[in-house]
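Below are the chains, spelled out letter by letter.
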Amino acid sequence: YSLIPPILNLEVAKVLTFGARKYAPNNWQLVENGEERYLDALYRHLEAYRSGELVDPESGLYHLSHAACNISFLLHFQHERVTCQN
């Protein structure tokens, strides 16, 4: 864990806090079609970043922070799927 850049944890925590205030804590786990929706959100944030927009206008947080958070959600869903298969 000491190899993880602290900024990653900080920025993901900011996005999770924004989401918890807007919806509810851990509500992301209850989203219908979560994998598809978070993959779409990941691409939206990456494309905004690629086009030169650093900050998400709604949250005021970095697009890359949102992208990192979306990847963590996708990893969670993948881990659940693989664990259920075994």
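Residues numbered from 1 in each chain as written. Predicted model: local features only at pLDDT ≥ 70, side-chain atom pairs only at ≥ 80, totals over all residues. Heavy atoms only, no water.

Things to note about the packing of aromatic side chains
In step 1: Throughout the structure, instances matching the rule amount to four aromatic pairs.
In step 2: Residues tryptophan 28 and phenylalanine 73 carry aromatic rings whose centres are separated by 4.1 Å and whose planes lie at 10° to one another, so their mutual orientation is stacked. Remark: phenylalanine 73 occurs in helix α3 (residues 63–85) and tryptophan 28 occurs in the loop between α1 (6–22) and α2 (34–50); sequence separation between them is 45 residues. Phenylalanine 73 carries the same exposure label as tryptophan 28, and that label is buried.
In step 3: On the basis of an interplanar angle of 65° and a centroid distance of 4.7 Å, the ring pair of tyrosine 38 and phenylalanine 73 is categorised as edge-to-face. Highlighted residues: tyrosine 38 in helix α2 and phenylalanine 73 in helix α3, separated in sequence by 35 residues. In this pair, the class of tyrosine 38 matches that of phenylalanine 73, namely buried. (Phe/Tyr/Trp six-rings, centres within 6.5 Å; stacked < 30°, edge-to-face > 60°. Helix = DSSP H or I, 4+ residues; strand = E, 2+ residues; numbered from the N terminus. Buried < 20%, exposed > 50% of the residue type's maximum accessible area, 1.4 Å probe, protein only.)

Digging into the layout of surface pockets
In step 1: Put simply, the largest pocket is a space of about 650 Å³.
In step 2: Along the walls of the largest pocket sit 25 residues, with Tyr23, Tyr38, His66, Asn70 and Phe73 positioned nearest its centre.
In step 3: Of all the elements in the fold, those that place two or more residues in the lining of the largest pocket are α1, α2 and α3.
In step 4: Here the residues of the lining of the largest pocket are counted per class, giving 12 nonpolar, eight polar and five charged. (1 Å grid on protein atoms, 1.4 Å probe; cavity = no way out; pocket = protein on both sides within 12 Å on 5 of 7 lines; lining within 4 Å. Points joined across faces, edges and corners; volume = space filled by probe spheres on them. Nonpolar A, V, L, I, M, F, W, Y, C, P; charged D, E, K, R; others polar.)

What to know about the packing of α2 against α3
In step 1: Closest axis-to-axis distance for the α2/α3 pair is 9 Å, and the angle between their directions is 155°. With respect to their mutual orientation, α2 and α3 come out roughly antiparallel. With respect to the hand of their crossing, α2 and α3 are arranged in left-handed fashion. Packed against α2, whose contacting residues are Gly34, Glu35, Tyr38, Leu39, Ala41, Leu42, His45, Leu46, Ala48 and Tyr49, the element α3 presents His63, Leu64, His66, Ala67, Asn70, Ile71, Phe73, Leu74, Phe77 and Arg81 at the interface. (Axes fitted to C-alpha atoms, helices over the stretch in contact; angles between N-to-C directions. Parallel < 35°, antiparallel > 145°, perpendicular 65-115°, else oblique. Left-handed = near helix turned anticlockwise from the far one by under 90°. Contact = heavy atoms within 4.5 Å.)

Remarks on the pattern of salt bridges
Where side chains of opposite charge bring their charged atoms close, a pairing between them can arise.
In step 1: Under the defined criterion, the tally for this structure stands at four salt bridges.
In step 2: As a salt-bridge pair, glutamate 11 and lysine 14 come within 3.1 Å of each other at their nearest N and O atoms. Of this pair, glutamate 11 and lysine 14 both sit in helix α1, separated by three residues, roughly a single helical turn.
In step 3: Look at lysine 14 and you get partly exposed, because its relative accessible area is 35%.
In step 4: Arginine 81 is the partner of glutamate 35 in a salt bridge, and the nearest nitrogen-oxygen pair spans 2.6 Å. Taken together, the positions of glutamate 35 in helix α2 and arginine 81 in helix α3 put the pair 46 residues apart, joining distant regions of the chain.
In step 5: Using a relative accessible area of 34% as the deciding quantity, one classes glutamate 35 as partly exposed. (Salt bridge = Lys/Arg side-chain N within 4 Å of Asp/Glu carboxyl O.)

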